[in-house]
Amino acid sequence: MLRCVKIYSRLRITGSRSFSTSPSSDMRVLFFGTDEFSNQALKALDSDRRSPKPIVKKIGVVCPPPTRKFAKGRQQLVWQALVEKTALERNFDVHHPNGRTLSHWQVPNAGDQATDRYDIGVVSSFGMFIPRRIIESFPLGMINIHPSLLPEYRGPSPLQAALLDGRTETGITIQEVHPNVMDGGKVLAQVPYQIDGTATRLDLMNEMGYLSGQLLVKLLHNYSYVRERAVAQDESKVTTTRLYNREDSQVIWEHMTAEQIVRMHRAFCLREPVHTIWRKKNKMHSVQLQNIVLPDPGVEPLDPEFEKYPPGSVFYRRKVPYLEVPCVDGKRIWVKQLQVQGRTTKTALEFVNGYLRTPGAQRFLTSPVEPKKLTPKFEWPEGTKPEAVINAERASAEHKRLMAEKIDRNQKLVDEHNRKIQEQEDAEDD
């Protein structure tokens, strides 16, 4: 169970210890967003709109258009931004960009009259660069909610980057939208957030999204005060993120530690789940590892000699609800749920029944193997081979040497016996 987020009555803002909470005027807000994170902020704006002393008077929503396809003679909805679903449920005006950019898009009016303008633009997980002309069309400018403590983790994937880096703290930043540099605007407010050791990207999106909504409402109630005290970011401390794809969630068994694989799962679960290759006879299957955790402290490994096996080897035991897989650093991961490509999701025990026979006899692979060819021997990176594996290889080599010597001695005895028989036969012939 993840902890509840506490919002303090006095907000931490840049350049001041605290500020008052008296609204200056009603605002008409045009909200730009898409996903779970931004949806929480949208709900917070609506809660304020319906409160006894609101700062928000009207809300409009801008989001990517829904994706549809034709099937069985009719249109079917494939994808719809979560903020659009919320907006339609609450009767907000919804606006869609003309394409994948806002280069030719015009800011809509807030009402029927041409003079009815939105006062401020709020951006959260929108995914499109905002041109200067749009920023300047709002009398109060545009602000952006970013899930990191800027200037750290600028860019499109701050939550994934923080989880991949193993960070224990991140935060929420509300900044002015910069016309040229993504996430490079002046900082208006920040709140730190402690990352739970088992939290996934989706957990952070929901919890930090709620936190961002509370922060946003407090900031809007004190917007003039905060705006006057905005602080420029320290460019010497900037770190950036990038968009991730399916290749980033592939397990490289030759290099990835148990901790790295679990971090990948936490960062990419549901969107691009961690995946690997499984060989069943001559068929290669892509397998998603959908529930990965580190072993509970004090729980003994399913095979006490697991270190002798190459990373990716799969161990199981009847009635144990997980597969145990050793990694290159000599530690283990537990996999509780899997999905073979084209099949339904399976528990660890269901996967065992369909794809495994002997614990440790098969392993997950980094790359597919050509049909009818043997699975290649695992190649340990230099300096990473465990002592148990080295000792096992030495013992195996010694065993092979002794067996070779024994075979050689036996062969000599056979040759000597055959020589004597041949001499006897030659003597009898004479």
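Each chain has its residues counted from 1, following the order in which its sequence is written. Per-residue local features are limited, in this predicted model, to residues with pLDDT of at least 70; the limit for side-chain atom pairs, both in listing and counting, is 80 or more; totals at the level of whole chains, interfaces and linings are taken over all residues. Excluded from the side-chain calculations are hydrogens and water; all other atoms, namely the structure's heavy atoms, are used.

K.L.:
Tell me about helix α1 (residues 36–49), and name the residues and values.
P.N.:
Runs of E in the DSSP output that reach at least two residues are strands. Runs of H or I that reach at least four are helices, and both are numbered from the N terminus. Expected helix span is taken as 1.5 Å per residue step, with the number of steps being one fewer than the number of residues. With 14 residues, α1 extends 20 Å between its outermost C-alpha atoms, agreeing within 8% with the 20 Å of an ideal straight helix rising 1.5 Å per residue. Residue exposure (1.4 Å probe, protein chains only): buried if accessible area is under 20% of the type maximum, exposed if over 50%, otherwise partly exposed. Phe-37, Ser-38, Asn-39, Ala-41, Leu-42, Ala-44, Leu-45, Asp-46 and Asp-48 are the residues of α1 that are buried. Counted as a polar contact is a pair of N or O atoms within 3.5 Å, where, for protein atoms, one must be capable of donating a hydrogen and the other of accepting one, and residues adjacent in sequence contribute only when both atoms are in side chains. The backbone nitrogen of Phe-37 lies 3.2 Å from a side-chain oxygen of the residue at the head of α1, namely Asp-35.

K.L.:
For the nonpolar core, give the residues involved together with the corresponding values.
P.N.:
Take the buried Ala, Val, Leu, Ile, Met, Phe, Trp, Tyr and Cys residues and link them wherever side-chain atoms come within 4.5 Å; each set so joined is a nonpolar core. Ranked by internal contacts, the top residues of the largest apolar core, which has 77 residues, are Ile-143, Leu-220, Trp-253, Leu-323 and Ile-333. With 8 residues, the top contributor of residues to this core is helix α5 (residues 201–221). Should any heavy atoms of two residues lie within 4.5 Å, those residues are counted as being in contact. Ignoring sequence-local partners within four residues, the contact set of Leu-220 consists of Met-27, Leu-45, Ile-55, Val-56, Ile-120 and Ile-143. Leu-30, Val-123, Ile-130 and Ile-134 belong to the second-largest nonpolar core, a separate cluster that totals 16 residues.

K.L.:
How would you summarise the pattern of salt bridges if you had to cite specific residues and measurements?
P.N.:
When a carboxyl oxygen of Asp or Glu is within 4 Å of a side-chain nitrogen of Lys or Arg, the pair counts as a salt bridge. A complete count under the given rule lists 17 salt bridges for this structure. Across the pair Arg-50 and Asp-46 runs a salt bridge whose closest N-O atoms are separated by 3.2 Å. Judged by relative accessible area, which is 2%, Asp-46 ranks as buried. Between Arg-242 and Asp-248 there is a salt bridge whose closest N-O contact spans 2.8 Å. Residue Arg-242 is classed as partly exposed on the basis of its relative accessible area of 44%.

K.L.:
Describe the sheet that holds strand β7 (residues 142–146), listing the residues and the values that go with them.
P.N.:
Paired strands, as defined in this entry, are two strands with at least two bridges between them according to DSSP. Strands sit in the order β5-β2-β1-β6-β7-β8-β9 across an open sheet of 7 strands; the sheet is mixed. Two strands bound the open sheet, and with one partner strand each, they are β5 (93–95) and β9 (187–194). Put simply, the sheet's adjacent strands are angled 20° from each other on average, direction ignored. The pairing of strand β1 (residues 27–33) with strand β6 (residues 120–124) spans 5 bridges and is classified as parallel. Counted as the bridge partner of Phe-32 is Val-123 from β6. Relative to the sheet, α1 contacts β1, β2 (56–62), β6, β7 and β8 (169–176), its axis offset from that of β2 by approximately 155°. Comment: axis = line fitted to C-alpha atoms, over the contacting stretch for helices; angle = value between 0 and 180 degrees taken between N-to-C directions.

K.L.:
So what about the packing of aromatic side chains? Which residues, and what values?
P.N.:
Geometry of an aromatic ring pair is reported as the spacing of the ring centres plus the angle between the planes. When the centres of two rings from Phe, Tyr and Trp lie within 6.5 Å, Trp using its six-membered ring, the rings pair. Their planes under 30 degrees apart give stacked, over 60 give edge-to-face, and anything left gives tilted. Throughout the structure, instances matching the rule amount to 10 aromatic pairs. Taking 6.0 Å as the distance between ring centres and 10° as the angle between the ring planes, the aromatic pair formed by Trp-253 and Phe-364 counts as stacked. With Trp-253 in the loop between α6 (223–228) and α7 (258–268) and Phe-364 in the loop between α8 (348–355) and α9 (387–429), the pair connects residues that are 111 residues apart, well separated along the chain. Judged by relative accessible area, Phe-364 falls into the buried class, the value being 0%. Consider the rings of Tyr-322 and Trp-334, whose centres lie 3.9 Å apart with planes at 15°: the pair is stacked. A residue pair is termed long-range when its members are at least 10 positions apart, and Tyr-322 in the loop between β11 (283–293) and β12 (323–326) and Trp-334 in strand β13 (residues 332–340) qualify at 12 residues. These aromatic residues form a ring-pair network of at least three members: Trp-253, Trp-278, Phe-351, Tyr-355 and Phe-364. For a Lys NZ or an Arg CZ to count as sitting over a ring, it must be within 6 Å of the ring centre and within 35 degrees of the ring normal. Between the NZ or CZ atom of Arg-229 and the centre of the ring of Tyr-225, over which it lies, the distance is 3.7 Å. The ring centre of Phe-306 lies 5.5 Å from the NZ or CZ of Arg-332, which sits over that ring.

This is a description of form; function is not addressed.
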